[in-house]
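As a plain string of letters, each chain reads:
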Amino acid sequence: AGRHLGQPFECEGWWQAAGGRRRIRIRGRSAGPGDLGMLGLVWNVTREHAFQVRLTQSEKLESLGRMAGGLAHDFNNHLAVLVGNLELLDAAVGREPGVRRRLDTIDRTITAATALVRSLLTFARRRTVEMESIRPTELLDELHEMLASLLGRQIRVVRDAGDAALVVDASREQLQNALLNLCVNARDAMPDGGELTLGAAAVAIACEHCRICGEEVTGSFVAISVRDSGAGIPLALQERIFEPFFTTKAEGQGTGLGLAAVAGCVTSHQGHLLLDSTPGGGSCFRILLPFTQGAVGDCSSGAGSGAATAVGRKAIVASA
Ligand SMILES: Nc1ncnc2c1ncn2[C@@H]1O[C@H](COP(=O)(O)OP(=O)(O)OP(=O)(O)O)[C@@H](O)[C@H]1O
Ligand SMILES: [Mg+2]
């Protein structure tokens, strides 16, 4: 801490207070030569410290995104060449069964690689987002159907009574893919079965922490939620799960790109993501989409206004 006799000093550390752990900063001077005392002030910098940690985290994600996006973009071009040539080969080869089998294997591999690259591009926001008016409850209906074959019998799907009148401006494909990723994660967190709850509702949020941009969020939003009764996510891991390639799954079971793609989708929609999870108590992921133009607020230091970014975006209540 650079403390010398008579010299000013500053140090920071953790203090275990009765109400929980506090981050404190001490600024002061030693009280004089030969004196072991000191004069100074102790500041509670818990919030500032938490904000700094989140900022570093989102900066890290941002640079990872740039790198991944650049790589995925070029890789995508190489894949396009492979697909084109495969089609030509396919036409030329005829019915030779051995060759056809191999061509099919190449085709499946390219399809898997394309899906991977698409997730990376979504994470890095290098894909064009085509917005359309979507009713979140309809999206959940479609998802519900898809889930039947995906989840197995052990998992019960519950639908929260959603507000069918809600409409958001969003990319159907990206949102569907994000929700599917959340549901597959929920399934994996409940290997012995459990409950998966899907919901869509208008919500008022007060100073909650967005897991993607790291800021505190306040305002009215349309929330699409995926809740599971599974294992929950340890606190130490919650900071890392949105990083691309971060996975706790066995080799071949997960690439760690699901939540990275969810993060990209949420950012493309100028939305936020809230996570409530306790080990043993399940997890709830909530995607927040802007509710009405200009209604987006946040508690962080005056980052301009939400209005500029909200231009052209809307979430309306249909009059039907
Ligand atoms: N609902 C959940 N419950 C418990 N842990 C979760 C949940 N969702 C995500 N996780 C944790 O976050 C990690 C990262 O998730 P992510 O979807 O990005 O990758 P993955 O599921 O491991 O692989 P992929 O989605 O690419 O197949 C998971 O490995 C898991 O540890
Ligand atoms: Mg996943």
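Structure first, text after, so check above.
Along each chain, the written sequence defines residue order, and numbers are assigned to residues from 1. Labels follow written order: the first chain is A, the first ligand is 1, and so on. Owing to the predicted nature of the model, reporting of local features is limited to residues with pLDDT of at least 70; listing and counting of side-chain atom pairs is limited to 80 or more, with chain, interface and lining totals taken over all residues. Computation of side-chain values: all heavy atoms of the structure, hydrogens and water removed.

## Brief notes about the overall build of the chain
Here is step 1 of the chain: Under the DSSP-based scheme used, a helix requires at least four consecutive residues in state H or I and a strand at least two consecutive residues in state E, with every element numbered from the N terminus. Scanning the chain from N- to C-terminus turns up seven helices and 12 strands.
Here is step 2 of the chain: Summary of the burial criterion: residues with accessible area below 20% of their type's maximum are buried, those above 50% are exposed, and those between are partly exposed, where the area comes from a 1.4 Å probe applied to protein chains only. By residue count, 37% of the 320 residues in the chain fall in the buried class.
Here is step 3 of the chain: If you sum the accessible surface of the chain, you get close to 17,800 Å²; carbon and sulfur atoms cover 54% of it. Accessible areas in this description were obtained via Shrake-Rupley with a 1.4 Å probe; residue shielding takes into account the shown protein chains only.

## Details of the site of ligand 1
Here is step 1 of the chain: The nearness test applies per residue and asks whether one of its heavy atoms lies within 4 Å of the molecule or strand. Close contacts around ligand 1 come from 19 residues, with Asn185, Thr247, Thr248, Lys249 and Thr255 the closest.
Here is step 2 of the chain: For this analysis, a polar contact is any N or O atom pair within 3.5 Å, provided that within protein one partner can donate a hydrogen and the other can accept it, and provided that sequence-adjacent residues contribute only side-chain to side-chain pairs. A distance of 2.8 Å separates an oxygen atom of ligand 1 from a polar side-chain atom of Asn185.
Here is step 3 of the chain: One of the side-chain N or O atoms of Thr247 is found 2.5 Å from an oxygen atom in ligand 1.
Here is step 4 of the chain: When each cavity is represented as a set of grid points, ligand 1 is found to reside in the largest pocket.
Here is step 5 of the chain: Residues that form the shell around ligand 1 fall into these classes: eight nonpolar, nine polar and two charged. Using only the protein atoms, space was sampled on a 1 Å grid; points where a 1.4 Å probe fits but cannot get out form cavities, open sets with protein on both sides within 12 Å along at least five of seven lines form pockets, and lining residues are those with an atom within 4 Å of a point. For a cavity or pocket, the test is whether more than half of a molecule's atoms lie within 2 Å of its grid points; if they do, the molecule sits there. Residue polarity follows a fixed list, in which Ala, Val, Leu, Ile, Met, Phe, Trp, Tyr, Cys and Pro are nonpolar, Asp, Glu, Lys and Arg are charged, and the others, Gly among them, are polar.

## With respect to the sheet that holds strand E1 (residues 8-17)
Here is step 1 of the chain: Pairing is antiparallel across the open sheet formed by three strands, whose spatial order is E1-E2-E3. Of all the strands in the sheet, just E1 and strand E3 (38-44) have a single pairing partner and so form its edges. In this sheet, adjacent strand axes meet at a mean angle of 25° when their direction is disregarded.
Here is step 2 of the chain: Note on pairing: two strands pair once DSSP finds at least 2 bridges between them. As paired elements, strand E2 (residues 20-30) and E3 share seven bridges and run antiparallel to each other. Bridging across to E3, Ser30 finds its partner in Met38.
Here is step 3 of the chain: Its contacts with the sheet place helix H1 (residues 46-93) against E1, E2 and E3, and it is angled at close to 110° to E2. Interaxial angles span 0 to 180 degrees and are taken between N-to-C directions of axes, which are lines fitted to C-alpha atoms, for helices over the stretch in contact. Only heavy atoms enter the contact rule, under which two residues are in contact if any of them lie within 4.5 Å.

## Examining the environment of Val203
Here is step 1 of the chain: With respect to the helices and strands, Val203 occurs in strand E7 (residues 194-209).
Here is step 2 of the chain: Each C-alpha atom, one on Val203 and one on Ala223, is 6.4 Å from the other, the two residues being 20 residues apart in sequence.
Here is step 3 of the chain: Those residues in contact with Val203 that lie beyond four places of it in its chain are Gly219, Ser220, Phe221, Ala223 and Leu288.

## Notes on H1
Here is step 1 of the chain: Here, expected helix span is obtained from the residue count minus one, scaled by 1.5 Å. Here H1 contains 48 residues, and its C-alpha end-to-end distance of 67 Å stays within 8% of the 70 Å for a straight helix at 1.5 Å per residue.
Here is step 2 of the chain: Residues Gln57, Ser58, Leu61, Gly65, Ala68, Gly69, Ala72, Leu79 and Leu86 constitute the buried set of H1.
Here is step 3 of the chain: Residues of H1 that are buried in the fold lie against helix H2 (97-123).
Here is step 4 of the chain: Where H1 terminates, the next one or two residues include Gly94, which has phi positive at roughly 80°.

## A word on the packing of aromatic side chains
Here is step 1 of the chain: In summary, the pairing rule links any two rings of Phe, Tyr or Trp, Trp by its six-membered ring, whose centres are within 6.5 Å, and it sorts them by plane angle into stacked for under 30 degrees, edge-to-face for over 60 and tilted for everything else. Considering all chains together, one arrives at zero aromatic pairs under this definition.
Here is step 2 of the chain: In this scheme, the term charge over a ring applies when either NZ of a lysine or CZ of an arginine sits within 6 Å of the ring centre and within 35 degrees of the ring normal. Sitting over the ring of Trp14, Arg21 keeps its end group 3.8 Å from the ring centre.
Here is step 3 of the chain: Geometry around Trp14 places Arg23 over its ring, the cationic atom sitting 4.9 Å from the centre.

## With respect to empty space enclosed by the protein
Here is step 1 of the chain: Grid points are joined across faces, edges and corners, and a volume is the space filled by probe spheres set on the points. Scanning all chains against the criterion turns up one cavity of 30 Å³ or more.
Here is step 2 of the chain: Size it by volume and the largest cavity reaches roughly 110 Å³.
Here is step 3 of the chain: Taken together, Arg54, Gln57, Ser58, Leu61, His209, Cys210, Arg211, Ile212, Gly214, Gln238, Glu239 and Phe242 make up the lining of the largest cavity.
Here is step 4 of the chain: Sorting elements by how many residues they give to the lining of the largest cavity places H1 first, with four residues.
Here is step 5 of the chain: Of the residues assigned to the lining of the largest cavity, the class counts are four nonpolar, five polar and three charged.

## What about the environment of Val83?
Here is step 1 of the chain: For Val83, the location among the structural elements is in helix H1.
Here is step 2 of the chain: Along the chain, Val83 and Thr111 lie 28 residues apart, while their C-alpha atoms are 9.2 Å from each other.

## Side note on the packing of H1 against H2
Here is step 1 of the chain: Their axes nearest at 8 Å, the elements H1 and H2 cross at an angle of 155°. Classified by the interaxial angle, the pair formed by H1 and H2 is roughly antiparallel. At the point where H1 passes H2, the crossing takes the left-handed sense.
Here is step 2 of the chain: Grouping the amino acids of the contact of H1 with H2 by side-chain chemistry returns 20 nonpolar, five polar and three charged. In these notes the angle categories are as follows: under 35 degrees is roughly parallel, over 145 is roughly antiparallel, 65 to 115 is roughly perpendicular, and the rest is oblique. For a crossing to be left-handed, the near helix must be turned anticlockwise from the far one by less than a right angle; the clockwise case is right-handed.

Spatial relationships are all this shows, so hold off on functional conclusions.
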